[in-house]
Amino acid sequence: MSTAHFATDHPYDAIIEPGALERLPEFVGGAAKVAILHPQVLSGKAQLAADLVRGAGAEPVLIEVPDGEHAKTSQVLAECWSRLALAGLTRTDLVVGIGGGATTDLAGFVAATWLRGVRWISVPTTVLAMVDAAIGGKTGADLPEGKNLIGAFWEPIVVLEDPLLLVGLPEREVRSGLAEVIKHGFIADERTLELVEQNPAEALDVSGERVHELIARSVAVKAKVVSADLREATSVGEHIGREQLNYGHTLGHAIEASEHFARRHGECVALGMVFVAELAHRALGLDASVVERHRRVLGSVGLATQYPDSQSGGTGWATLRELMSRDKKTRGNTLRFVGLREQGHVAMIVDPPEQQMVDAFRALVGQHS
Ligand code: GLY
């Protein structure tokens with residue numbers, strides 16, 4: 001068992017332990033009604049949560065939402081608000097989100113907006129959500145015009161991370177989550193990289209203990225970063241706040257959007273990390289051995305580290321470049337990348353020369369210049 005503390009305005013813990021879901025009743029205190037948002041595929045777990053809520057003396061209100069990103073629409077939001085109104089959820093009541101990052105994003109945003117904010121509990125069920133999406137107090141939904149365009153910082157009262165909920169998760173999903181684990185390794189935790197390097201197969205086995213250790217290490221990295229800068233407000237000069245969690249995401253998001261989400265998020269971030277490592281090699285003098293380590297570690301768990309060129313179905317540089325300049329992390333016309341000076345030492349790369357970006361992209365598609 002491990003607990004990571006998020007020391008934000010409304011502090012909370014992420015509890016990582018097999019059976020953590022069973023601890024739900026400890027946090028129901030004072031609520032007469034508990035809305036439980038979940039996708040259909042997790043109906044069994046939602047029912048278990050409902051029984052736990054009932055056992056704690058509160059009335060569960062089960063709300064089934066569409067699977068994955070399909071849940072994060074204005075229409076689903078409006079349906080959830082109507083359900084809460086019909087159920088008579090009051091200020092002292094509670095929302096629980098059980099699912100991947102999309103479900104917990106939606107549940108958190110429903111909680112943030114209901115009666116100007118009610119308490120909520122995040123119960124992530126994928127590796128990606130456990131180490132990133134469901135734990136840092138970012139909540140929101142999408143618009144047809146773009147992902148996460150509406151949202152709020154609204155911390156959960158607790159995150160219950162139950163590794164038993166991962167059993168049966170498709171390996172592709174596990175890999176996608178490991179990309180974020182490895183991201184935390186490169187920005188802040190050498191030991192994570194060593195653990196993956198020592199035994200990549202163990203890192204992929206969600207029924208084994210190694211993956212729990214990796215998740216706990218990753219949550220600890222994120223807790224430290226978010227505690228210092230919940231609202232992503234403090235990247236000044238050499239000091240980089242929450243923005244560092246965006247490592248690999250600038251190109252990653254562009255690939256994700258250009259391919260209409262055909263690749264999993266972590267698969268895109270893995271490609272984005274290789275690109276930005278190549279860019280940091282050129283712009284910040286990152287040692288070539290660290291760039292190669294990106295390819296080796298990511299490749300060892302089966303993540304692609306080479307992007308197809310446009311003749312082979314990949315999106316061309318010009319389109320990706322345009323999408324990156326529209327990324328919501330871009331400030332004004334300034335293109336910003338989180339880079340590394342060395343393993344574990346992040347540094348911003350601001351408006352790098354075009355040629356350096358083109359060369360880094362060429363290296364990503366395997367055309368060495
Ligand atoms: N996933 C990036 C963040 O939480 O800031």
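What you are looking at is a predicted structure, and each value in this text was computed from that prediction instead of being measured.

A. Layout of the overall build of the protein. Broken down by element type, the protein carries 13 helices and 11 strands. Taking the principal axes of its C-alpha atoms as reference, the protein extends roughly 65 × 40 × 40 Å. The proportion of buried residues among the 369 residues of the protein is 57%. For the protein, the proportion of contacts with a sequence separation of at least 24, taken over those separated by at least 6, is 72%. Taken as a whole, the protein presents about 14700 Å² of accessible surface, with 51% of it coming from carbon and sulfur.

B. Representation of the site of the ligand. In the neighbourhood of the ligand, the contacting residues comprise Asp132, Lys138, Lys222, Glu232, Arg242 and Leu245. Between a nitrogen atom of the ligand and a side-chain N or O atom of aspartate 132, the distance comes to 3.0 Å. Within the side chain of arginine 242, one N or O atom sits 2.7 Å away from an oxygen atom of the ligand. Within the complex, the protein chains bury 84% of what would otherwise be the 200 Å² of accessible surface of the ligand. Of the residues that constitute the shell around the ligand, the class distribution is one nonpolar, no polar and five charged.

C. The nonpolar core, seen in detail. Judged by nonpolar contacts, the single largest core of 75 residues is most densely connected at Phe6, Val127, Tyr247, Phe275 and Phe337. At 11 residues, helix H10 (residues 265–283) tops the list of elements feeding residues into this core. When residues no more than four places from it in sequence are discounted, the contact partners of phenylalanine 6 are Pro11, Tyr12, Ala14, Ile135, Gly136, Val219, Lys222, Ala223, Val226 and Ser227. Residues Ala20, Ala50, Ala58 and Leu94 belong to the second largest nonpolar core, which totals 24 residues.

D. Local environment of the environment of leucine 303. Relative to the elements of secondary structure, leucine 303 occurs in the loop between helix H11 (288–300) and helix H12 (317–325). Each C-alpha atom of the pair leucine 303 and aspartate 142 lies 27 Å from the other, and the pair is 161 residues apart in sequence. For leucine 303, the contacting residues outside a window of four places in its chain are Arg175, Ala179, Gly266, Glu267, Ala270 and Leu298.

E. Seen up close, the pairing of strand E5 (residues 94–99). The buried count for E5 comes to six of six residues, which makes it a mostly enclosed element. The side-chain alternation of E5 yields two buried faces, one formed by Leu94, Val96 and Ile98 and the other by Val95, Gly97 and Gly99. The pairing of strand E3 (residues 33–39) with E5 spans four bridges and is classified as parallel. Across the sheet, residue valine 34 finds its bridge partner in E5, namely leucine 94. As paired elements, E5 and strand E6 (residues 119–124) share six bridges and run parallel to each other. Opposite glycine 99, over in E6, you have proline 124 as the bridge partner.

F. Structural view of the pairing of strand E8 (residues 146–153). Bridge analysis of strand E7 (residues 138–143) against E8 gives five bridges, and the strand direction is antiparallel. If you follow lysine 138 over to E8, its bridge partner there is phenylalanine 153. Between the end of E7 and the start of E8, which pair antiparallel, lie two residues.

G. Region of the structure containing the pattern of salt bridges. Taken as a whole, this structure holds 27 salt bridges when the rule is applied. Ionic pairing is found between arginine 191 and glutamate 194, a salt bridge with its closest N-O pair at 3.2 Å. Of the two residues, arginine 191 and glutamate 194 are both situated in helix H6 (residues 190–198); the distance of three residues between them amounts to about one turn of the helix. Glutamate 194 gets classed as partly exposed once you look at its relative accessible area, which sits at 28%.

H. Just the packing of helix H5 (residues 171–188) against helix H8 (residues 209–228), in detail. It is at 9 Å that the axes of H5 and H8 come closest, and there the two elements cross at 55°. Relative to H8, the element H5 is oriented oblique. Handedness of the H5/H8 crossing: left-handed. Residues Glu180, Val181, His184 and Ala188 of H5 form the contact with H8, whose participating residues are Leu214, Ser218, Val221 and Lys222. Of the residues contributing to the contact of H5 with H8, the split by class is four nonpolar, two polar and two charged.

I. Summary view of unusual backbone geometry. Residues other than glycine seldom take positive phi values, yet glutamate 232 does so here, at roughly 55°. With respect to the secondary-structure elements, glutamate 232 resides in the loop between H8 and helix H9 (249–258). Residue histidine 260 is not a glycine yet carries a positive backbone phi of 50°. Position of histidine 260 relative to the elements: it lies in the loop between H9 and H10.

Rules used throughout
- Residues numbered from 1 in each chain as written.
- Predicted model: local features only at pLDDT ≥ 70, side-chain atom pairs only at ≥ 80, totals over all residues.
- Heavy atoms only, no water.
- Helix = DSSP H or I, 4+ residues; strand = E, 2+ residues; numbered from the N terminus.
- Buried < 20%, exposed > 50% of the residue type's maximum accessible area, 1.4 Å probe, protein only.
- Contact = heavy atoms within 4.5 Å.
- Areas by Shrake-Rupley, 256 points an atom, 1.4 Å probe, with all protein chains shown as cover.
- Near = heavy atom within 4 Å.
- Polar contact = N/O pair within 3.5 Å; in protein donor to acceptor, adjacent residues only side chain to side chain.
- Nonpolar A, V, L, I, M, F, W, Y, C, P; charged D, E, K, R; others polar.
- Core = buried A, V, L, I, M, F, W, Y, C linked by side-chain atoms within 4.5 Å.
- Pairing = 2+ DSSP bridges.
- Salt bridge = Lys/Arg side-chain N within 4 Å of Asp/Glu carboxyl O.
- Axes fitted to C-alpha atoms, helices over the stretch in contact; angles between N-to-C directions.
- Parallel < 35°, antiparallel > 145°, perpendicular 65-115°, else oblique.
- Left-handed = near helix turned anticlockwise from the far one by under 90°.

By themselves, these observations are geometric and do not establish any function.
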